[in-house]
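Take a look at the letters that make up each chain.
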There are 2 protein chains.
Amino acid sequence: MTDVASRELGLGFLGIGQAVARIFQQYPDMSTLPYRVVAAADTRSHSLARFATEFAGRTYTDAEQLCADPSVDVVYIATPPELHREHALMAAHYRKHMIVEKPLAMSIDDCTAMVEAAQAAGVQLMAGHTHSFDAPVRAMAELVRSGDLGELLMVNTWNFNDFNRRPWPTSELRSTSGPVLNQGPHQVDIVRQIVGGVARTVRASTIWDDVRKCVGGYTCHLGFESGVSATLVYDARAFFDVAELHSWVAEDGGRRSPQANQRVASNFAALSQNPDHLEVALEAQKEQGRYGAATTTEESQELWGYSAPGEIIHHPYFGLTVVSCERGAIRQSPDGLVVYGQNGLQEIPVARTMRGRAAELAELHRAITEDRPVQHDGRWGRATLEVCFAILQSAYEDREVVLSQQVSL
Amino acid sequence: MTDVASRELGLGFLGIGQAVARIFQQYPDMSTLPYRVVAAADTRSHSLARFATEFAGRTYTDAEQLCADPSVDVVYIATPPELHREHALMAAHYRKHMIVEKPLAMSIDDCTAMVEAAQAAGVQLMAGHTHSFDAPVRAMAELVRSGDLGELLMVNTWNFNDFNRRPWPTSELRSTSGPVLNQGPHQVDIVRQIVGGVARTVRASTIWDDVRKCVGGYTCHLGFESGVSATLVYDARAFFDVAELHSWVAEDGGRRSPQANQRVASNFAALSQNPDHLEVALEAQKEQGRYGAATTTEESQELWGYSAPGEIIHHPYFGLTVVSCERGAIRQSPDGLVVYGQNGLQEIPVARTMRGRAAELAELHRAITEDRPVQHDGRWGRATLEVCFAILQSAYEDREVVLSQQVSL
């Protein structure tokens, strides 16, 4: 098994923008993974040039050529979500395994087509990237599964941040209904990872963001077949910051400034002063967060909530989550978990092991080399997206939505 | 108007137990109110004796005699909830105004009978007592109503405390489905006070308390006709303590010990060691919290979460409530509000004016002397109770419940 397990797989990136910049900048773990970075495709020539220099990899401006490249075993699909279906089917056609960035696609039908294509081709489709891979979330889920605290009863989670004030081009932000399809997958995945079972019902409402003229957040009751329930709350409009309840730890585990929300909101307000130039200015700031950007500054990193790698000294944090079990409650602390049990509280340190996209790549490698399914396959990702769409539907129709595409862990 | 407004009203207490002990011990404001405490009825002779000494008031063992007493203008009904209907109808029969402790009654039909009896008799029926009278809650509601932050979008509120581990006799705790009918009125009233409008739908789940063998908490999505939504979360099983997120301020504004949850849980666990004696022991500890109790100690006060009057240096706190408006968010701070607006955060001190039951009595006095309705009349109380019952129904039927008895502020 050792030979197979350590076999290096060729990794090709379809779209080397913001997500991929995170992979290369933030995850020292990446270089330890049994992958060779062999190819990238993008429409941005300067990022391809940078990629060629940094990885001595092949570069393409055509997605299909990358998928056809025989040195590519795994395609990392980080193109805009509306292209995920096309690119996933392309990867499957060339019998390549794939990771697809969140949101998995822009409709349930698209997800189904992708799931079926991967299955027919006999390749792995992993639904990435979400905070459910954060070590504390995994530790919470494992503690629940251990049964030490008895049965799971409910999970409640809040996130209040500045997502809608980050310099997203307007069409991009609106295409995901603000945070619902972009950040919702994180929050829904965290809850589903902890609960494990099959969700059944969604009752949700959305709030309007009058600045970005799109959805700005939501409230959601999520019911599971087991009787476990969850509430999920998100407000992305840069007023209250949930980091205030968590020692000002940032989403990526760095230090969150108490002024960050306001600075990000002020940046958007300043750009809005010149509406004729707004979209160009937003696109320019978005470009600064992408891989291979000609210019990037500490300020532009803060606009996207990114800490410098050396500043990341805690676990990532995606909001206040309290897990209620029969014999205790659990919540995340900056460096692990706090368990409130029958004998008072206990701090449980959690090692800062491999995280985020690096952890996903590691799991995918094991799945491929050991020929077993990934935990977050296409069906898992479709189920998470179904909950996110149900949030929109429930809010729009002002009634409960019954889910039909759910799977358990 | 001054003469009428300052006219002293005769106040008679029907049931001088735990609620009334709070009134007399905790509220120095009481003595400044334009009421004369003239009579009390109870079945506990020692508390009547104490009352006669303290207030030189008339005492009765029969509720009807108190209602018939011509010196009584207002009947404060603090008997067990299952007697509220009978006692409210009795008070109305003798044309006495009344305040009824929460829960208003044990069914919607009972509430309706009480509302109709009060209306037919031309007397005021005030639905007390809830934390929606706390000054910070009132200040949040006023700030929302002022429009300074634009339209209200959502309200989210969490309470995690030890309610189910307090030494409630088992039948009493179960009769209110644990916190749902006893603490739910606080939480629902807070949300309704802030939102103001008419609620329409409830989707909720309850959690089981395996120690007390009754409901231990709930999750709830509450939808309003205006499109505003709220989530309400309660876990009463003494694990996580929401005071941890609020500088350890207690429910009554005193100092909450980080060990309080555990001490209250340990007390119950210790009593449970002797199941043959459990109910007697619980009743004895309950008695220690009542007015006129022969013995009471600091420890027994802590079991009920009561601070010594001198220790109450902050506003009362009924959990983490974040109010999201179009142009800002609001939450309670120990001494006022924090407003997160477009220009960062602002601390707004809120004066520690008259609170809780004293504030209710003051409002009722104004309503009677100025012949205008109270804000929290019987219909208001019925609407709050309808939401609490809907939480139970939605959980039991595992579906959304549409409300029919709702009123706006």
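By convention here, each chain's residues receive numbers from 1 onward along its written sequence. Throughout, the order in which chains and ligands are written sets their labels, letters from A for the former and numbers from 1 for the latter. Reporting in this predicted model follows two pLDDT cut-offs: at least 70 for local features of residues, and 80 or more for side-chain atom pairs to be given and counted; totals over whole chains, interfaces and linings ignore these cut-offs and use all residues. To obtain the side-chain values, all non-hydrogen atoms of the structure were used and water was disregarded.

The name that an unreviewed UniProt entry assigns to chain A is 4,5-dihydroxyphthalate dehydrogenase, with the source organism given as uncultured Mycobacterium sp.

### A look at the overall build of chain A
Note the cut-off: Under the DSSP-based scheme used, a helix requires at least four consecutive residues in state H or I and a strand at least two consecutive residues in state E, with every element numbered from the N terminus. Atoms counted for the radius of gyration: C-alpha only. Globule rule: 2.2 Å times residue count to the power 0.38. Exposed residues in this analysis have more than 50% of their type's maximum accessible area, buried residues have under 20%, and partly exposed residues fall in between, with area computed by a 1.4 Å probe over protein chains only. Two residues qualify as a contact provided that any one of their heavy atoms is within 4.5 Å of a heavy atom in the partner residue. Areas reported as accessible are Shrake-Rupley estimates using a 1.4 Å probe. Residue values count occlusion only from the protein chains shown. All tallies of charge rest on Lys and Arg as positive and Asp and Glu as negative; His and the ends of each chain are not included. A single reference atom marks each charge: NZ on Lys, CZ on Arg, CG on Asp, CD on Glu.
Helix and strand content of chain A: 15 helices and 15 strands. For a compact globule of 409 residues, the expected C-alpha radius of gyration is about 22 Å, and chain A comes in at 20 Å, within 12% of that figure. Sorting the 409 residues of chain A into buried and exposed places 65% on the buried side. Across chain A, contacts joining residues at least 24 apart in sequence account for 71% of those joining residues at least 6 apart. Carbon and sulfur atoms provide 50% of the accessible area of chain A, an area that totals close to 14900 Å². Put simply, chain A has 36 plus and 50 minus side-chain charges, and the middle of one group is 0 Å from the middle of the other.

### Brief notes about the pairing of strand E13 (residues 336-341) of chain A
Residue and element names in this part refer to chain A. Definition in use: DSSP calls a pair of strands paired once it identifies at least 2 bridges connecting them.
Burial within E13 is extensive, with six of its six residues counted as buried. Both strand E12 (residues 328-333) and E13 contribute to a ladder of six bridges, which runs antiparallel. Within the sheet, the bridge partner assigned to Ser-333 lies in E13 and is Gly-336. Remark: two residues form the turn of the hairpin made by E12 and E13, two consecutive strands paired antiparallel. Pairing geometry for E13 and strand E14 (residues 344-349), over six bridges, is antiparallel.

### Quick notes on the packing of helix H5 (residues 84-93) of chain A against helix H6 (residues 108-121) of chain A
Residues and elements named next belong to chain A. This is how it is decided: The angle between two axes is taken between their N-to-C directions and runs from 0 to 180 degrees, where each axis is a line fitted to C-alpha atoms and a helix contributes only its stretch in contact. Here is the rule for angles: anything less than 35 degrees is roughly parallel, anything more than 145 is roughly antiparallel, 65 through 115 is roughly perpendicular, and the remaining ranges are oblique. Lys, Arg, Asp and Glu make up the charged group, whereas Ala, Val, Leu, Ile, Met, Phe, Trp, Tyr, Cys and Pro make up the nonpolar group; the residues left over, Gly among them, are polar.
Two elements in contact, H5 and H6, have axes separated by 9 Å at closest approach and are oriented at 5°. The angle between the axes of H5 and H6 places the two elements in the roughly parallel class. Note on element contacts: H6 touches H5 through Asp-109, Asp-110, Ala-113, Met-114, Ala-117, Ala-118 and Ala-121, opposite His-84, Arg-85, Ala-88, Leu-89 and Ala-92. Classifying every residue of the contact of H5 with H6 gives eight nonpolar, one polar and three charged.

### Here's the deal with the interface of chain B and chain A
Going by this rule: Simply put, the buried area is the total loss of 1.4 Å probe accessible area from both parts when two parts are fitted together. Throughout this description, the term salt bridge denotes a Lys or Arg side-chain nitrogen within 4 Å of a carboxyl oxygen of Asp or Glu. Pairs of N or O atoms within 3.5 Å make up the polar contacts considered here, provided that, within protein, one atom can donate a hydrogen while the other can accept it, and that residues adjacent in sequence are counted only when both atoms are side-chain atoms.
Listed by partner, the interface residues are 46 residues for chain B and 46 residues for chain A. Buried area between chain B and chain A, summed over both chains or domains, comes out near 3900 Å², and the portion from carbon and sulfur atoms is 61%. Taken together, the links from chain B to chain A amount to six salt bridges. Taking the shortest distance from any N to any O, the salt bridge between Glu244(B) and Arg331(A) comes out at 2.8 Å. Here chain B and chain A share 22 residue pairs in polar contact (both at pLDDT 80 or more) between them. No other element matches strand E8 (residues 199-209) of chain B, which puts seven residues into the side of chain B that touches chain A.

### With respect to unusual backbone geometry
Each neighbour pair has its own omega, and for Lys102(A) with Pro103(A) the value is -15°, a cis peptide bond. Looking at the secondary structure, you find Pro103(A) in the loop between strand E5 (97-100) and H6. Located in the positive-phi region is Ser177(B), a residue other than glycine, with phi close to 50°. Locating Ser177(B) in the fold gives a position in the loop between helix H8 (170-175) and helix H9 (179-182).

### A look at the relation of the copies chain B and chain A
This is how the line gets drawn: Here the copies were fitted onto each other by least squares, based on C-alpha atoms from residues at pLDDT of at least 70 in both.
Once turned by 180° and shifted 0.0 Å along the axis, chain B lies on chain A with an RMSD of 0.0 Å. On this basis, the relationship between the two copies can be described by a two-fold rotation axis. In terms of proximity to the rotation axis, the leading residue of chain B is His221(B), whose C-alpha is 2.9 Å off the axis. In this assembly, 100% of the residues forming the interface of chain B have copies in chain A that are likewise at the interface, indicating an isologous arrangement.

### Overview of the environment of Pro81(B)
Residues and elements named next belong to chain B. Tracing the backbone shows Pro-81 in the loop between strand E4 (74-77) and helix H5 (84-93). When its relative accessible area of 17% is taken as the criterion, Pro-81 is described as buried. Sequence separation of Pro-81 and Met-106 is 25 residues, and the distance between their C-alpha atoms is 6.4 Å. Ignoring any residue separated from it by four or fewer positions in sequence, one finds Pro-81 in contact with Pro-103, Ala-105 and Met-106.

### Thoughts on the domain arrangement of chain A
All names here are of chain A. What counts, and what does not: Segmentation into domains, and thus their bounds, comes from an automatic or database assignment.
Assigned domains within chain A: domain 1 (2-130 + 355-377) and domain 2 (132-352 + 389-402). In this structure, domain 1 and domain 2 have C-alpha centres spaced 24 Å apart. Counting residues at the interface gives 30 residues for domain 1 and 32 residues for domain 2. Between domain 1 and domain 2, a total of about 2600 Å² is buried, with carbon and sulfur atoms accounting for 53% of that surface.

### Brief notes about the nonpolar core
The cut-off we apply is this: We call a set of buried residues a nonpolar core when its members are Ala, Val, Leu, Ile, Met, Phe, Trp, Tyr or Cys and they connect through side-chain atoms within 4.5 Å of each other.
Grouped together as the largest cluster of nonpolar side chains are 78 residues, with contacts concentrated most on Met98(A), Val202(A), Leu222(A), Val323(A) and Ile330(A). Mapped onto the domain boundaries, this core takes at least three residues apiece from domain 1 (2-130 + 355-377) and domain 2 (132-352 + 389-402) of chain A. Ignoring anything within four residues of it in the chain, the contact list for Leu222(A) reads Val191(A), Ala199(A), Thr201(A), Val202(A), Val228(A), Ser229(A), Ala230(A), Leu232(A), Val387(A) and Leu403(A). By size, the runner-up hydrophobic cluster in this structure holds 77 residues, among which are Ala63(B), Phe224(B), Ile330(B) and Cys388(B).

### Some details on helix H6 (residues 108-121) of chain B
Residue and element names in this part refer to chain B. Keep this limit in mind: Helix span, as expected, comes to 1.5 Å for every residue beyond the first.
Given a rise of 1.5 Å per residue, 14 residues ought to cover 20 Å, and the 20 Å separating the end C-alpha atoms of H6 matches this to within 8%. Of the positions making up H6, those classed as buried are Asp-110, Cys-111, Thr-112, Ala-113, Met-114, Val-115, Ala-117, Ala-118 and Ala-121. Check the buried side of H6 and you find it contacts H5, strand E5 (97-100), strand E6 (125-127) and helix H15 (378-397). For H6, the N-terminal capping position is held by Ser-107, with its side-chain oxygen 3.4 Å away from the main-chain nitrogen of Asp-109.

### What about the sheet that holds strand E3 (residues 58-60) of chain A?
Residue and element names in this part refer to chain A. Spatial strand order, E3-E2-E1-E4-E5-E6: six strands in an open sheet with parallel pairing. Edge positions in the sheet fall to E3 and strand E6 (125-127), since each of these pairs with one other strand and no more. Neighbour-to-neighbour, the strand axes of the sheet open up by a mean angle of 25°, direction not taken into account. Taken together, the four bridges between strand E4 (residues 74-77) and E5 define a ladder with parallel strand orientation.

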